[in-house]
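# Examining the three-dimensional arrangement
Spelled out from the first residue to the last, the chains are:
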Amino acid sequence: CIDVARLPKETGCFTYDPGFTATASCKSAITYIDGDEGVLLYRGYPIEQLAEKSSFLEVAYLLMNGELPTEAEFATFEHEVTHHTMMHERLKNFFQGFQYDAHPMAMLAGTTASLSAFYHDTLDLEDPEQRRLAAIRLLAKMPTLAAAAYRYSIGWPIRFPRNNLDYVNRFLHMMFEVPSEPLEINPVVAKALDLLFILHADHEQNASTSTVRLVGSTGANPYASVAAGITALWGPAHGGANEAVLKMLAEIGTADKVDAAVARAKDKNDSFRLMGFGHRVYKNFDPRAKIIREMTHKVLGELGVNDPLLDVALKLEEAALKDDYFVQRKLYPNVDFYSGIIYKALKIPTEMFTVMFAIGRTAGWVAHWLEQQVDPENKIGRPRQIYTGATPRDYVDIGKR
Ligand code: ACO
């Protein structure tokens, strides 16, 4: 608690907590993390069980509704999501306004925010059905916008969603299908992507989810709130780390250069950090990283991919885990360390890695937004500050300064 009485009328005490390391901003029943033990539960279910047995769409239902669906409930949910996958014809014009080489995250954030200009019904946030519909629209349209951003960036025409396919296969078709060439999706690829979406679906009050809640706390519509979450996710300290990890591994290049990279990461005069290492909450192995690590070997093996970057990653993990600097600071590989290698094996381009994360995390963002809307204790998020500026002084005319 810091005494803030610096100016004559300022009194009282604030908690000074940069980065909110010790501040709970809300109560939530969605996701539980035990960072010391490396435990992650969605609505009470261990992530390991959901990763093994569930599907992304079922997990999205669970996060949004609190319980796993019955067969009938799931069929209705899947039907509703499928029904809302199309994007408005005029929304396509938004893509034409971007530079051809715009980053897909920029296009995703811009077009997601623009959804609020198409669905005016959601402006009545008092209506639970409108809120639910908005959440479903966001979940349904995110892969459509993501694939459109990618195709625009490579100069290919945008594909409509094929609604006879499931969530993941539909997305992969929108990404990669070309006219006159039927696309066969390898089930290994579809399963791996579904699993990555599950692992990315929610992670309690991370930076992007907190951003969604902060914007949501003002009464802004859900499309604007989620668009803000997308921009927060983009940073390399958050979801942008998966793209940064792959760039880092490529820069390191070969396993014999790993020790030099570890030395650089420890050097406090060098801003270089091991991307994909460390986490605000996990002071143990990130349970998602354990699952992804195992999956990386399986997917690369099944697809017959021999990626030298995997050797660099394994050597880097080994070197860091026995280095005192990383051990003392409890810096372990996080969810992003191996995900890029899998995305690469699935032929997802590097600039799309964080977009992939956004598709999965949309389930969590809308679940938190829905929870916040019925929280009787919700109030506008408005942190205070410790003022460090000038004390009162008189204005000096410009000619006399
Ligand atoms: N490489 C080298 N040193 C590191 C790393 C790293 N990746 N991460 C943390 N450290 C060091 C810091 O320099 C600091 O050292 P010090 O105590 O000597 O000053 C100490 O470990 C604590 O680090 P903080 O930055 O204070 O920890 P914080 O909780 O604020 O940051 C974060 C967590 C942002 C994830 C950080 O570990 C990091 O930048 N990692 C790399 C980026 C990354 O992988 N981000 C993805 C996170 S997971 C996600 O968002 C999905």
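Remember, it's a predicted structure, so these values are computed and weren't measured experimentally. (Residues numbered from 1 in each chain as written. Predicted model: local features only at pLDDT ≥ 70, side-chain atom pairs only at ≥ 80, totals over all residues.)

### Describing the overall build of the protein chain
For the protein chain, the helix and strand inventory stands at 17 helices and five strands. Its C-alpha radius of gyration of 23 Å places the protein chain within 12% of the 21 Å reference for a compact globule of 401 residues. Among the 401 residues that make up the protein chain, the fraction classed as buried is 40%. Long-range contacts, defined here as pairs at least 24 residues apart, represent 76% of the contacts in the protein chain between residues at least 6 apart. (Helix = DSSP H or I, 4+ residues; strand = E, 2+ residues; numbered from the N terminus. Rg over C-alpha atoms; globule rule 2.2 N^0.38 Å. Buried ≥ 20, exposed ≤ 12 C-beta atoms within 10 Å, placed from the backbone. Contact = placed C-beta atoms within 7 Å.)

### Side note on the UniProt feature "active site" (unreviewed entry) in the protein chain
When the UniProt feature table is mapped onto this chain numbering, "active site" (unreviewed entry) sits at His279 and Asp336. In sequence the annotated residues extend across 58 residues, while in space they remain close, none of their C-alpha pairs exceeding 10.5 Å. Given 22 C-beta atoms within a 10 Å radius, histidine 279 is considered buried. Aside from chain neighbours lying at most four places away, what touches histidine 279 is Asp286 and Asn334. (UniProt positions renumbered as here; feature names shortened; annotations may be inferred.)

### Some points on the pairing of strand 4 (residues 39-42)
Only one face of strand 4 is covered, namely the face carrying Leu40 and Tyr42; the face carrying Val39 and Leu41 is uncovered. As defined by bridge partners, strand 3 (residues 31-34) adjoins strand 4 across four bridges and the pair is classed as antiparallel. Along strand 4, the bridge assignment pairs isoleucine 33 with leucine 40. Here strand 3 folds back onto strand 4, and the loop between the two strands holds four residues, one of which, glycine 38, carries a positive phi near 70 degrees. Hairpin connection between strand 4 and strand 5 (residues 45-46): a loop of two residues separates the two successive antiparallel strands, and arginine 43 in this loop has a positive phi of roughly 50 degrees. (Pairing = 2+ DSSP bridges.)

### Section: the site of the ligand
Taken together, 19 residues surround the ligand, and among them Ala241, Arg273, Phe277, Gly278 and Arg280 come closest. When its residues are assigned to classes, the shell around the ligand shows eight nonpolar, seven polar and four charged. (Near = placed C-beta within 6 Å. Nonpolar A, V, L, I, M, F, W, Y, C, P; charged D, E, K, R; others polar.)

### Overview of helix 14 (residues 308-321)
Compared with the 20 Å implied by 1.5 Å per residue over 14 residues, the 20 Å span of helix 14 between its first and last C-alpha is a close match. Structurally, helix 14 contributes buried residues whose contacts are with helix 11 (241-252), helix 12 (258-266), helix 15 (324-328) and helix 16 (335-345). (Expected span 1.5 Å × (residues − 1).)

### Structural notes on unusual backbone geometry
A positive phi angle is found at phenylalanine 20, which is not glycine, with a value near 50 degrees. With respect to the helices and strands, phenylalanine 20 occurs in the loop between strand 2 (13-14) and strand 3. Look at phenylalanine 20 and you get partly exposed, because 14 C-beta atoms sit within 10 Å. The phi angle at arginine 43 is positive, at roughly 50 degrees, despite the residue not being glycine.

### Looking at the environment of alanine 224
Turning to its location among the elements, alanine 224 is positioned in helix 10 (residues 222-233). Spatially, the C-alpha atoms of alanine 224 and serine 116 are 6.8 Å apart, while their sequence positions differ by 108 residues.

### What to know about the nonpolar core
Among the nonpolar cores identified, the biggest contains 109 residues, and Val59, Ala60, Leu63, Leu108, Ile342 and Val366 are the most heavily contacted of them. The biggest single contributor to this core is helix 6 (residues 128-154), with 13 residues. Beyond its immediate chain neighbours, meaning those up to four positions away, valine 366 contacts Met64, Ala135, Leu138, Leu139, Pro222 and Val226. (Core = buried A, V, L, I, M, F, W, Y, C linked by C-beta atoms within 7 Å.)

### Brief notes about the environment of lysine 141
Tracing the backbone shows lysine 141 in helix 6. Judged by local crowding, lysine 141 falls into the buried class, with 26 C-beta atoms found within 10 Å. Measuring from C-alpha to C-alpha, the distance between lysine 141 and proline 187 comes to 23 Å, with 46 residues separating the pair along the chain. If near-sequence neighbours (up to four positions away) are discounted, lysine 141 is found in contact with His84, Thr85, Met87 and Leu115.

### Topic: the sheet that holds strand 4
One open sheet accounts for three strands, arranged 3-4-5; its pairing is antiparallel. Two strands close off the open sheet at either side, each with one partner strand: strand 3 and strand 5.

### As for the confidence of the model for the protein chain
In the predicted model, the protein chain carries a mean pLDDT of 92, and 97% of its residues have values of at least 70. Scored as a complex, the prediction yields pTM 0.92 and ipTM 0.94. (pLDDT = per-residue confidence, 0-100.)

### Comments concerning the environment of proline 287
Looking at where proline 287 falls in the secondary structure, it is placed in helix 13 (residues 287-303). A sequence separation of 109 residues divides proline 287 from valine 396, and the C-alpha atoms of the two residues are 59 Å apart. For proline 287, the residues in contact, after removing those within four places along its chain, are Gly38, Val39, Leu40, Ile47 and Glu48.

### Some remarks on helix 10
Given a rise of 1.5 Å per residue, 12 residues ought to cover 16 Å, and the 16 Å separating the end C-alpha atoms of helix 10 matches this to within 8%. With nine of its 12 residues buried, helix 10 lies for the most part within the structure. Every buried residue of helix 10 is accounted for by Pro222, Tyr223, Ser225, Val226, Ala227, Ala228, Gly229, Ile230 and Leu233. Residues of helix 10 that are buried sit in contact with helix 5 (104-114), helix 6, helix 9 (207-216) and helix 17 (353-373).

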